[in-house]
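Residue-level structure breakdown
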2 protein chains.
Amino acid sequence: MAKKTEPEANRDASTVRDVAARAGVSASTVSRVLGGTYPVAAATRARVLKAMRELDYVVNAHARALGGSTNKTVAFVVDDVTGPFYAHIARGVEEQASEEGRLCMLCTTHGDPKRVLAVVETMREQRADAVIVVGGAWEDKAYQDRMTHFAHALDRVGSRLVLVGRPPLGPGIPATVVEYDNEGGAFAMTTHLLSSGHRRIAYVGRMPGLSTSGQRLSGFTRAHELLGLTPDPELIVDGAFSRSVGYQLARQLLADGREFTAVFAATDMVAAGVIQALREGGRRIPDDVAVAGYDDIPVARDVYPALTTVNVPQEELGRAAVRLALHRDELPDSQHLVLGTHVVLRDSTRRLNR
Amino acid sequence: MAKKTEPEANRDASTVRDVAARAGVSASTVSRVLGGTYPVAAATRARVLKAMRELDYVVNAHARALGGSTNKTVAFVVDDVTGPFYAHIARGVEEQASEEGRLCMLCTTHGDPKRVLAVVETMREQRADAVIVVGGAWEDKAYQDRMTHFAHALDRVGSRLVLVGRPPLGPGIPATVVEYDNEGGAFAMTTHLLSSGHRRIAYVGRMPGLSTSGQRLSGFTRAHELLGLTPDPELIVDGAFSRSVGYQLARQLLADGREFTAVFAATDMVAAGVIQALREGGRRIPDDVAVAGYDDIPVARDVYPALTTVNVPQEELGRAAVRLALHRDELPDSQHLVLGTHVVLRDSTRRLNR
DNA sequence: TTGAAAGCGCTAACAC
DNA sequence: GTGTTAGCGCTTTCAA
């Protein structure tokens, strides 16, 4: 008796025509009350509204997107939602998108450059109003070229590529860029450490080829150079931006007998791992070793001692990304924005006492 | 000279027809190579592919969704992406969705029941394959009724409502439910505390009317009752699931001079705040006060001392939600799943020594 | 103020 | 194998 239906099949969603029939008007009239931007007699409108309610009607967003060409969607492409840094940017994106009457699509790439490209392609199919890509860029020619290609491709379908926290692709390329002063933040933090008397500062978590890493390290180096110092290459160790990598790297530093009085971790997550390793290694923080992080995510206040770090205005990055992309015609000159960063002093750093 | 164009306007995205023209075939042939499930002569296919590449063609997902009725999208509705608990479920959802060839839409509600309903409505417009709602439910008749309405409404358009971490709406209502053993986890944790000798255990962060809270508290109470004990109502304090609330509540408990040897925080976030307040109040953890949390999010390992907590399989909740909803025809009997929880012992609890 | 008709880009019968 | 035709549900001229 019961008819088997495909699980995905639109069983019997009502359409404008159903509503029209029930209200005794034409489909166009229904469409007009739907849009609201067109005069419809009050009585007619009421009848249509009533019919809609009775049929529990909802418009089909796809049909609507097909006719008009905007689909009212913003795409957010990120390595991993689970990272608090990205999650906070996501919040900004989502909130601004929602304020602008847009839906937000979430796509994750797990740090795989190939997936970034695949995802951007998918968003092109979806005709998203904007495609927001977050996180450091790979300083790799082929990768950059493909992003450039996508910038143009998206532009061609009326969409917009937005790069958050990564450098511009180049002049004349149709993309919105929202950066933060990455190098400046690292410079300020390193200066803080240096001026507190630290001279042997380990930099934990360099990722060669990643723009974010390059900029942070460059601030680190510049601060040294300003005092006529050179960072000891042995104290710069490579690894991904994760807690466990921070832990392992710090253990290794200790095991290798490297001498340092401070650690500048590439991110707060890395710092959390470093702190654990240091504690296990019997070092007191900040008495024996000062520790600084980068990002200022909530965990910075939960680790013990609370972490000195560089604040990055995550939510505002997300909001700005959406705002600039959607209003690019009104704001043609601010399509490259650089937000400020600043050092947040907490308990994990202090003046070196010899 | 430069022609002003609407920012959203589809400038000149190429269509199947453009491709067809260039390849010297018909639109259907192009569609066939697009789909891949239909025989096309190798030479023709090659020509079509070439034309696509040359025109930088991408299908219009909306046109496709309009014809067939599935739009290959899964919606994820959550209070706040920024909460690690939700973020980890989101990761599970996103990964499984991606494995099943679905895109993932993210919607946040900021704990506002009205927004939940609005968002579900929007997803109905989008014809999402599944709408996954995460987080505790409000035990409020009107709210439940509306969710029930949506369950039916989504079902009618071939979509599926999925409730994660909240109780079923009732029998016969077309919704998938993926829960975790919330009450059991609280029971186990309380039993752990009780059997460690603690008798005065504060429960911090009750939220009346929220199902999650009710279940946890019920496990807490049941464990007491099993030993013929009754929790002291003065030690059960109300507040939202956040770090700052945990902090304030714990300070208040201290200020009021309440006596307790253990704190069971409603969530790990709350626990993080409690730990800070306790430390500032001069209490040593776990020597003076044992602290336990719930959820087992990463912060549990970053607080000091590392937090004893109840593990909730967040990612698996997300994956299961997608899997069950999408394969509901093959798995009609497992549309109500309850995943297990377990106590994770770390350093913030220990046997009471008197 | 309303209706009829065309078409958005694609897929799926149905022919040939 | 491939082309023709007819919609999917909606918006939008163009008439009335």
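The structure this text deals with has already been given above.
Since the model is a prediction, treat every value here as computed from it, not as a measurement.

**A look at the protein's contact with DNA strand C**
Taken together, 23 residues lie around DNA strand C, and Thr-29, Arg-32 and Thr-44 of chain A together with Val-16 and Tyr-57 of chain B are the ones closest in. If you look at DNA strand C and keep only atoms within 4 Å of the protein, 61% of those are sugar or phosphate atoms. One of the side-chain nitrogen or oxygen atoms of Arg-32 of chain A is found 2.6 Å away from a base nitrogen of DNA strand C. Separating a phosphate oxygen of DNA strand C from a side-chain N or O atom of Tyr-57 of chain B is a distance of 2.2 Å.

**Some words on the protein's contact with DNA strand D**
Taken together, 23 residues lie near DNA strand D, and Val-16 and Tyr-57 of chain A together with Ser-28, Thr-29 and Thr-44 of chain B sit nearest. Put simply, 60% of the atoms of DNA strand D that lie within 4 Å of the protein are in sugar or phosphate. Asn-60 of chain A is positioned with one of its backbone polar atoms (N or O) 3.4 Å from a phosphate oxygen of DNA strand D. For DNA strand D, a phosphate oxygen lies 2.7 Å from a polar atom in the backbone of Ala-41 of chain B. The greatest single-element share of the surface near DNA strand D, amounting to four residues, is contributed by helix α2 (residues 27-35) of chain A.

**Topic: the sheet that holds strand β3 (residues 130-134) of chain A**
Read from one edge to the other, the open sheet built from 12 strands follows the order β11(A)-β5(A)-β4(A)-β3(A)-β1(A)-β2(A)-β2(B)-β1(B)-β3(B)-β4(B)-β5(B)-β11(B), with strand pairing classed as mixed. Of all the strands in the sheet, the pair left with one neighbour each is β11 (336-339) of chain A together with β11 (336-339) of chain B. Taken pair by pair, the neighbouring strands of this sheet meet at an average axis angle of 20 degrees, ignoring direction. Bridge analysis of strand β4 (residues 161-164) of chain B against strand β5 (residues 175-180) of chain B gives four bridges, and the strand direction is parallel. Residue pairing for β5 of chain B: Val-164 of chain B is matched across the bridge by Val-178 of chain B.

**Brief notes about the environment of Val-133 of chain A**
All names here are of chain A. Considering the arrangement of structural elements, one finds Val-133 in strand β3. As a C-alpha pair, Val-133 and His-342 span 209 residues in sequence and 23 Å in three-dimensional space. With residues near it in sequence (within four places) discarded, Val-133 still touches Val-77, Val-116, Val-120, Met-147, Leu-161, Val-162, Leu-163, Val-164 and Arg-166.

Reading the values: the criteria
- Residues numbered from 1 in each chain as written.
- Chains lettered and ligands numbered in written order.
- Predicted model: local features only at pLDDT ≥ 70, side-chain atom pairs only at ≥ 80, totals over all residues.
- Heavy atoms only, no water.
- Near = heavy atom within 4 Å.
- Polar contact = N/O pair within 3.5 Å; in protein donor to acceptor, adjacent residues only side chain to side chain.
- Helix = DSSP H or I, 4+ residues; strand = E, 2+ residues; numbered from the N terminus.
- Pairing = 2+ DSSP bridges.
- Axes fitted to C-alpha atoms, helices over the stretch in contact; angles between N-to-C directions.
- Contact = heavy atoms within 4.5 Å.

Such coordinate-based values are descriptive only and should not be taken to indicate function.
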